[in-house]
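Summary of the model geometry
These are the residues of each chain, in order.
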Amino acid sequence: MTDNTDLLPEGLEDRLPQSAERITQTMRACLDVLHGHGYDRVRPPLLEYESSLSRRMKGLSTRWMFRFVDPSSLRTLALRSDITPQIGRIAATSMADRPRPLRLAYCGDTAVIRANQLDPARERLQLGAELIGADTVAAAGEIVALAVRALTAAGLTGISVDFTLPDLVDTLAAQDLTMQPDTVEAIRRELDTKDAGGLKAVGGEAYLPLIHATGPFNDAMAKLRKLDAGGALGSRLDGLEVIAARIGDLARVTLDPTERHGFEYQSWFGFTLYAKDVRGAAGRGGTYKIGGSDEPATGFTLYADALADAAPQPETTRTVYLPIGFSESKAKRLRAEGSRTIEQLTQDEDPITLGCTHILQGGNPVEL
Ligand SMILES: N[C@@H](Cc1c[nH]c[nH+]1)C(=O)O
């Protein structure tokens, strides 16, 4: 019976065993990859002072965070909507004197007040890695390759990486000292909607080619290079080429140089990850500066719950029913070999209904 009070708020859901198991397997596969590449896991708390979450990343707004007053400190707390700023805080405080580069991994739930239309979920399981102390091409290459490897380990296919240059317009506009800040803002806005007419109307005709420098990496790069006659972007474009080369044929690479959506704090380089059957983005990452310490960093976040829905169905493990009086040592051995065991509690149980595939009989698992 569902009472009204049992309903969950919009955008929040229970994950039942099969789905929860897929999430666990996805997490395990991805975390193992991060661990294997030298990233140490940290576990920041679910909530903290609002001011501390917002000050670590430029451009990060607490508007979409669940916030409330802490009855004990009487200060405003916020539920994290992103773990990256927390990693920034850890790096800038308790791990400030550890050697750099610092490699940290994390996995945990995040929540937002309002989701977007494409993805109504208001809770998201973030899993990621942050390389602290570097925002170089080499750091970006390591991070993108690591993200792709984690997705592959989770069993995902059809992986693609879409590169972006979040501060591109600012960099180009900085060359033209006569340009007013209002115009730069208007250009940014029109580029966000990729509106060619609007772009012309606000005096951003010179930026029109940016709208077309989008798509498969090599073609889009050639267009961007042509546009960059002044050479302001030269080293960045060279950098993108090195990063793309690092990915090789692990994933398809595309370029959308003006995409800023979802890149509130990333600086010269950002990327979005996609994979077959994953609704929306599988993850995002890029270079940034940690607020307060101004330390450069590069990282990525995968949305592990979304990935799990697209990951291949885990194979059904052998589940052995252990009749009353079973041998503990046999049961232990079965589990060590990878089987699951279910103990008989009462005489009237039906092992098949309980999900068992085998029964322990005469010391051996016999198929049911
Ligand atoms: N945390 C960011 C991605 C990111 C991680 N590190 C740098 N950027 C996001 O979820 O969109």
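Residues numbered from 1 in each chain as written. Predicted model: local features only at pLDDT ≥ 70, side-chain atom pairs only at ≥ 80, totals over all residues. Heavy atoms only, no water.

Under an unreviewed UniProt entry, the name given to the chain is ATP phosphoribosyltransferase regulatory subunit, and the organism recorded is Erythrobacter insulae.

**Considerations on unusual backbone geometry**
Most peptide bonds are trans, and most residues other than glycine sit at a negative phi. This is how the line gets drawn: Helix and strand labels come from DSSP, where a helix needs a run of H or I of at least four residues and a strand needs a run of E of at least two; each type is numbered from the N terminus.
Between arginine 100 and the following residue, proline 101, the backbone shows a cis peptide bond with an omega angle of -5°. Along the polypeptide, proline 101 turns up in the loop between α3 (84-92) and β5 (102-111). Non-glycine residue leucine 74 carries a positive phi angle of around 60°. If you trace the backbone, leucine 74 turns up in the loop between β3 (67-69) and β4 (76-79). Unusually for a residue other than glycine, lysine 194 sits at a positive phi of about 50°. Along the chain, the position of lysine 194 falls in the loop between α6 (181-192) and α7 (196-201).

**Observations regarding the site of the ligand**
Our working rule: If even one non-hydrogen atom of a residue comes within 4 Å of a molecule or strand, that residue is called near it. In protein, a polar contact means a hydrogen-donor-capable atom and an acceptor-capable atom, both N or O and within 3.5 Å, with residues adjacent in sequence counting only if both atoms are side-chain atoms; elsewhere, any N or O pair within 3.5 Å suffices. Only the protein chains shown count as cover for residues, and all accessible areas are computed by the Shrake-Rupley method using a 1.4 Å probe. Each residue is assigned to one of three groups, with Ala, Val, Leu, Ile, Met, Phe, Trp, Tyr, Cys and Pro labelled nonpolar, Asp, Glu, Lys and Arg labelled charged, and all others, Gly among them, labelled polar.
Every one of the 14 residues lining the ligand counts as a neighbour, but Asp82, Thr84, Tyr265, Gln266 and Thr301 are closest to it. Side-chain polar atom of threonine 301 to a nitrogen atom of the ligand: 2.9 Å apart, as the coordinates give it. Computed on the free molecule, the ligand has an accessible area of 300 Å², of which 94% lies beneath the protein chains in the complex. Mapped onto the shell around the ligand, the elements with two or more residues apiece are β6 (123-132), β11 (283-290) and β12 (295-303). The residue inventory of the shell around the ligand, partitioned by class, reads four nonpolar, seven polar and three charged.

**A closer look at the UniProt feature "binding site: L-histidine" (unreviewed entry) in the chain**
What counts is decided by this rule: UniProt positions are given in the numbering used here, feature names are shortened, and annotations may be inferred rather than shown by experiment. The classification of residues rests on relative accessible area computed with a 1.4 Å probe and restricted to protein chains. Under 20% of the type maximum is buried, over 50% is exposed, and intermediate values are partly exposed. For this analysis, residues touch if any pair of their heavy atoms sits within 4.5 Å.
Taking the UniProt record as the reference, the feature "binding site: L-histidine" (unreviewed entry) is found at Asp82, Ile83, Thr84, Gln126 and Glu130. For the residues just named, distributed over 49 residues, the greatest C-alpha separation is only 12.6 Å, placing them together at one site. Within the element layout of this structure, aspartate 82 appears in the loop between β4 and α3. For aspartate 82, a relative accessible area of 12% translates into the label buried. In this structure, aspartate 82 is in contact with Thr110, Gln126, Tyr265 and Thr301, ignoring residues within four places of it in sequence. Here glutamine 126 takes part through its side chain, which lies 3.2 Å from a polar atom of the side chain of aspartate 82. Counting through the fold element by element, glutamate 130 comes out in strand β6. Beyond its immediate chain neighbours, meaning those up to four positions away, glutamate 130 contacts Tyr39, Thr84, Ile87, Leu102, Arg103, Leu104, Tyr106, Tyr288, Thr298, Gly299, Phe300 and Thr301. Here tyrosine 106 takes part through its side chain, which lies 2.7 Å from a polar atom of the side chain of glutamate 130.

**Structural notes on the pairing of β12**
Here is the rule we go by: Two strands are said to pair when DSSP picks up at least two bridges between them.
Here β12 lies mainly inside the structure; eight of its nine residues are buried. Where β6 meets β12, seven bridges bridge the pair, whose relative direction is antiparallel. Paired with isoleucine 132 across the strands is alanine 297, a residue of β12. One ladder, built from eight bridges, connects β11 with β12; its direction is antiparallel. Paired with lysine 289 across the two strands is proline 296, which belongs to β12. The turn linking β11 back onto β12 is made up of four residues, and glycine 292 within it adopts a positive phi angle of 95°.

**Some thoughts on the sheet that holds β4**
Just so we agree on the cut-off: Fitted lines through C-alpha atoms give the axes, limited to the stretch in contact for helices. The angle between two N-to-C directions lies from 0 to 180 degrees.
Read across the open sheet, the three strands follow the order β2-β4-β3; overall the sheet is antiparallel. Two strands bound the open sheet, and with one partner strand each, they are β2 (47-49) and β3. The sheet shows a mean angle of 35° between the axes of neighbouring strands, direction not considered. Two elements, β3 and β4, share three bridges in a ladder whose sense is antiparallel. What sits directly across from valine 69, in β4, is threonine 76.

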